[in-house]
There are 2 protein chains.
Amino acid sequence: MERPQTFFDRLLEVPLFQGIGRGEFMEIAGNVKLAFHKVKNTSVIVCEDELCRSLVFVLNGSFCSEHVSDDRAFSLMEWGGGPAVIQPENLFGLRTRYASTVRAVGDVQLLEIDKHAVTEILARFDIFRINFLNLVSSQAQYSRRLLWKSQSEGIERRFVQFVADRSARPAGHKTLHINMIRLADELCVTRLTVSKMLRKLEEKGLLQVGRQRIDIPMFERLLQEISAVG
Amino acid sequence: MERPQTFFDRLLEVPLFQGIGRGEFMEIAGNVKLAFHKVKNTSVIVCEDELCRSLVFVLNGSFCSEHVSDDRAFSLMEWGGGPAVIQPENLFGLRTRYASTVRAVGDVQLLEIDKHAVTEILARFDIFRINFLNLVSSQAQYSRRLLWKSQSEGIERRFVQFVADRSARPAGHKTLHINMIRLADELCVTRLTVSKMLRKLEEKGLLQVGRQRIDIPMFERLLQEISAVG
């Protein structure tokens, strides 16, 4: 009998369920089908370009999401942990498909609520509706603001900004798959400048450079280092 | 007695009210306060950084919106016409303030619904709620996608992309206020390259260059020209 309690506690940590009491949650659970299931390491939780038929919550465990650029030339992998909701901004709107692929890292507990049921919850539960509107509106505001920011000065800052702008959160383990020519193009500098910059950050232990691959174990350390330098 | 009919017809052209029937609209109008009012030429309809206390619709007339970059170094002015809803993505979320200033061009008819009333309508009217979710989600998807697009090749395309990415719609009259050094920085080219590119587009009658100001009478013509060239 401990399981529902645990799930409930985990759910309350997801912004979408914040402020929802136990009684109200039980009412939701009694009205719509909540599908709890487990997946194993490397299982695909959601797949890029697949239709969003449900809202997926990672309750326990870790996951890795990979976003590929439009021209398939580079990608960013990000690791995160539950509780979290996967791409809620893609459930409605013009393009109701997942923007990135999310895979389980180790055993992962999921909660899936199909879109029809989400629509029901949005209609009936005020707090959930306001939470959902706040979440999606924040996403819209955040992405739009990025376009109006001034470009960071200095190549290191520009590189960190490039990764941060494309990240779901400004911390954690990230891997950028990109070739040096493309990265130089994206940062508007020469390939040599990019190589030097990366070598410097590698010497400081902030990242590892591989073949068409830059591994950043803790992005927050890179962010701190760069802000401290400026 | 003609006025409500006209307002209603205009409102139905706004995506937020699409699919709402006359009966349902009358029910909304009977339940919440809808404030219709007129403003004169150059009046501020909404002001940048001001708290979004209401959802504002331009029913009839034209408006000009101005978005200033974070560092106040450049701005984009765009002209548009009603029926339209002003920045619905800023009513909820982390930053519920207007992102740009919108002014009336000539006489303008507005409909204003205060946030509390919008919350009521969102709770009670399924179509409006789904329309609102679709609108804000689309904004979030659109802005996010821009980050993953590959940079346009060629300086002309990059300039057009720079304006398009920051525009609410890819057509109409736009004025970019920016100095040439900053524009060169933003496009990652030299000042001379920017000047040459602008002169060429000016000779084709696609834009006029003034002091720290680029005026584009019909952005759709510039877009067409650039796609045709490629």
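In case you missed it, the structure is sitting above this.
Reference entry: report on the structure contained in this document. (Residues numbered from 1 in each chain as written. Chains lettered and ligands numbered in written order. Predicted model: local features only at pLDDT ≥ 70, side-chain atom pairs only at ≥ 80, totals over all residues. Heavy atoms only, no water.)

## As for the interface of chain B and chain A
Rules: Here, residues are in contact when the closest pair of their heavy atoms is within 4.5 Å. Here the quantity called buried area is the accessible surface, traced with a 1.4 Å probe, that two parts lose on coming together, added over both. Any carboxyl oxygen of Asp or Glu that lies within 4 Å of a side-chain nitrogen of Lys or Arg is treated as forming a salt bridge with it.
In this assembly, 44 residues from chain B lie in contact with 45 residues from chain A. When chain B packs against chain A, close to 4100 Å² is buried across both sides, 59% of that on carbon and sulfur atoms. Of all residues in chain B, Arg144(B), Leu147(B) and Trp148(B) bury the most surface against chain A, accounting for 20% of the area lost on that side. In this assembly, chain B and chain A are joined by 2 salt bridges.

## A short note on empty space enclosed by the protein
How we decide: Each cavity reported here is a set of points on a 1 Å grid over the protein atoms alone in which a 1.4 Å probe fits but cannot get out, each pocket an open set with protein on both sides within 12 Å along at least five of seven lines, and each lining residue one with an atom within 4 Å of a point. Grid points are joined across faces, edges and corners, and a volume is the space filled by probe spheres set on the points. A helix here means a DSSP run of H or I that spans at least four residues, while a strand means a run of E at least two residues long, and both kinds are numbered starting from the N terminus. Note that Gly is not counted as nonpolar here; it falls among the polar residues with everything else outside the nonpolar set of Ala, Val, Leu, Ile, Met, Phe, Trp, Tyr, Cys and Pro and the charged set of Asp, Glu, Lys and Arg.
Under the definition given, this model contains 2 cavities of 30 Å³ or more. In this structure, the largest cavity encloses a volume near 780 Å³. Considering the residues around the largest cavity, the lining is formed by 28 residues, among which Gln151(A), Arg166(A), Glu186(A), Gln151(B) and Arg166(B) are closest to the centre. Elements represented by at least two residues in the lining of the largest cavity include exactly α5 (155–165) and α6 (180–187) of chain A together with α5 (155–165) and α6 (180–187) of chain B. Of the residues assigned to the lining of the largest cavity, the class counts are 10 nonpolar, 8 polar and 10 charged. Considered as a void within the structure, the second largest cavity measures approximately 30 Å³ in volume.

## Quick notes on the relation of the copies chain B and chain A
What relates the two chain copies is a rotation about an axis together with a slide along it. As a reminder, the rule being used: Here the copies were fitted onto each other by least squares, based on C-alpha atoms from residues at pLDDT of at least 70 in both.
For the pair chain B and chain A, the superposition axis carries a translation of 0.0 Å, the fit reaches an RMSD of 0.0 Å, and the rotation angle comes to 180°. Accordingly, the operation relating the two chain copies is best matched by a two-fold axis. By C-alpha distance to the rotation axis, the residue of chain B lying nearest is Ala140(B), at 1.9 Å. Interface residue correspondence from chain B to chain A reaches 100%, placing this contact among same-surface, isologous pairings.

## Observations concerning the nonpolar core
Stated formally: Residues grouped as a nonpolar core are buried Ala, Val, Leu, Ile, Met, Phe, Trp, Tyr and Cys residues, joined through side-chain atoms within 4.5 Å. Burial classes follow relative accessibility: with a 1.4 Å probe on protein chains only, a residue under 20% of its type's maximum area counts as buried, one over 50% as exposed, and anything between as partly exposed.
In this structure, Phe17(A), Ile45(A), Phe57(A), Phe128(A), Ile45(B), Phe57(B) and Phe128(B) are the most contacted members of the largest nonpolar core, which totals 88 residues. With residues near it in sequence (within four places) discarded, Phe128(B) still touches Leu16(B), Phe17(B), Ile20(B), Leu55(B), Val118(B), Ile121(B) and Leu122(B).

## Structural notes on the environment of Ile121(B)
Residue and element names in this part refer to chain B. Within the secondary structure, isoleucine 121 is located in helix α3 (residues 115–124). For isoleucine 121, a relative accessible area of 1% gives the class buried. Between the C-alpha atoms of isoleucine 121 and valine 32, which are 89 residues apart in sequence, the distance is 7.9 Å. Excluding its chain neighbours within four sequence positions, the residues that come into contact with isoleucine 121 are Ile28, Val32, Ile113 and Phe128.

## Section: the pattern of salt bridges
Across all of its chains, the model carries 28 salt bridges over all chains by this definition. Ionic pairing is found between Asp70(B) and Arg145(A), a salt bridge with its closest N-O pair at 3.7 Å. Residue Asp70(B) is located in the loop between β3 (54–68) and β4 (75–81), and its partner Arg145(A) is located in helix α4 (residues 126–146); the two belong to separate chains. By relative accessible area, Asp70(B) is classed as partly exposed at 39%. Between Lys40(B) and Asp107(B) there is a salt bridge whose closest N-O contact spans 3.9 Å. Placement of the pair is Lys40(B) in the loop between β1 (35–39) and β2 (44–46) and Asp107(B) in strand β6 (residues 101–114), with a sequence separation of 67 residues. You can call Asp107(B) exposed: its relative accessible area is 53%.

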